[in-house]
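Below are the chains, spelled out letter by letter.
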Amino acid sequence: MLATDTLLSFFKDTRKHSEALCAPLETEDYVVQPIEDVSPPKWHLGHTTWFFEEFILKKFAEGYTEFDPDFSFVFNSYYESMGKRVVRANRGNLSRPSVKKIYEYREHVTRAIGELFEADSTPEELHGLMEIGIHHEKQHQELLLTDIKYILGNNPLLPAYATFPMEYERETHEQDWIGMDEGIYEIGHKGDEFCYDNELGAHKVYLNAYEISNKLVTNGEFLEFIAAGGYKEFSHWHAEGWDWVNTKQVQCPQYWHQVDGRWHYYTMEGLKPVDPEAPLTHLSYYEAFAFAQWKGCRLPTEFEWEASQEYFPWGKRWEWTESAYLPYPGYEKAEGALGEYNGKFMVSQKVLRGSSVATPEKHSRPTYRNFFHPPLRWQYTGLRLAR
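Rules and cut-offs
- Residues numbered from 1 in each chain as written.
- Predicted model: local features only at pLDDT ≥ 70, side-chain atom pairs only at ≥ 80, totals over all residues.
- Heavy atoms only, no water.
- Helix = DSSP H or I, 4+ residues; strand = E, 2+ residues; numbered from the N terminus.
- Rg over C-alpha atoms; globule rule 2.2 N^0.38 Å.
- Buried < 20%, exposed > 50% of the residue type's maximum accessible area, 1.4 Å probe, protein only.
- Contact = heavy atoms within 4.5 Å.
- Lys, Arg positive; Asp, Glu negative; His and termini not counted.
- Charge placed at Lys NZ, Arg CZ, Asp CG, Glu CD.
- Pairing = 2+ DSSP bridges.
- Salt bridge = Lys/Arg side-chain N within 4 Å of Asp/Glu carboxyl O.

## Notes on the overall build of the protein
When helices and strands are tallied, the protein shows 9 helices and 11 strands. Since a compact globule built from 387 residues should have a radius of gyration of about 21 Å, the 22 Å found for the protein is in line with a globular shape. Structurally, the protein occupies a C-alpha span of about 65 × 50 × 35 Å along its principal axes. For the protein, the residues scored as buried account for 56% of the 387 residues in total. Sequence separation of at least 24 residues holds for 77% of the intrachain contacts in the protein that already meet a minimum separation of 6. In the protein, the 39 positive side-chain charges and the 59 negative ones have mean positions that sit 4 Å from each other.

Quick look at the structure:
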């Protein structure tokens, strides 16, 4: 468990970083919600603040005055046990509260948390909740960045957000296959450092011998898939994926555009020619699976990924795996509203491993289990082949 001073410093740094991510935005950018999966930036700022107010200040800060009674309704996300909330698809209709009001809300709550920690002693339970709250905000920092990219990337002018040189940074090492022996491997989080409950329950799994690529699939490799008619050949696809391709008329990864006969993609720095050497991203599970089939390979399971991750660099892309998002042996949901954090989503989703260029500092680890529905691709998702 982090010391009080360390925890408070971690909290303040995290709060500042969220606001720094929004610094390049115009006021109008804070309100836009192009699709249900993307939340307006000001909603993220409010929701992460509500989390600290609702789960910490109302419980531990004696005499705390709630900033605005309506904010619980506005900024609750999916916590059924916390009462009514704005429907997710309607977050973009919230012209009020204003951006200015939300920054006042953040200041009010951040100051109150600081005052709470000025007490002579703080209970152990508070420390645990603070760590969850901090990492919850870090999760939303990644969502904030990717939602901003979707908002600006669907603006007809394709405006730049800010300088973001690591977004399409190349992997310079040669592609090679890492051989892993058959055997029993231990999976899951061990130790006292922070993790989410879906990582707990360290357990052993038996894996057959396999090989995994030391390098992510590149844009150039995927350009070959497109040129070979990969989006037009049903044999590469799951039936559900094939329906998705045809229903949505998908012909390329998200943010890709044909300009004068050449592929470009929208980046945080604006529209640029596709770099064939950069790691592929903004890909659905359906596309990742189809590409692997076309290459005569497959996606690794999340257990194969974790067992081998120390032998290759990772962290530029969330990597689709062939594993369904399911509980580990002995998994138990936490009591109360925090029990809704992970467990209720363990259905119809695929696990992604690693982290991405949008993942904030101190928020990645080899056991982290991200999860999304197969067609979603607005996150920095990519793939690594196995065979």
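Following the structure, the description resumes.
## What about the pairing of strand S8 (residues 318-324)?
In terms of burial, S8 is largely enclosed, as 5 of its 7 residues are buried. Pairing geometry for S8 and strand S9 (residues 350-354), over 4 bridges, is antiparallel. Opposite Glu 319, over in S9, you have Arg 353 as the bridge partner. Here S8 runs beside strand S11 (residues 381-382); their pairing, made up of 2 bridges, is parallel. Following the sheet pairing, Trp 318 is matched in S11 by Thr 381.

## So, the environment of Phe 303
Structurally, the position occupied by Phe 303 is in helix H9 (residues 302-308). You can call Phe 303 partly exposed: its relative accessible area is 23%. For Phe 303 and Leu 207, which are 96 residues apart along the polypeptide, the C-alpha to C-alpha distance reads 8.1 Å. Among residues more than four places away in sequence, those in contact with Phe 303 are Ile 187, His 203, Val 205, Leu 207 and Tyr 328.

## Details of the pattern of salt bridges
This structure, assessed with the given rule, holds 20 salt bridges. Note that Arg 369 is salt-bridged to Glu 302, the shortest N-O span being 2.9 Å. In this pair, Arg 369 sits in the loop between S9 and strand S10 (370-372) while Glu 302 sits in helix H9, placing the two residues 67 residues apart along the sequence. A relative accessible area of 1% means that Glu 302 is categorised as buried. Salt-bridge contacts for Arg 353 lead to Glu 306; the nearest nitrogen and oxygen are separated by 2.8 Å. One end of the pair, Arg 353, is in strand S9; the other, Glu 306, is in helix H9, with 47 residues separating them in the sequence.

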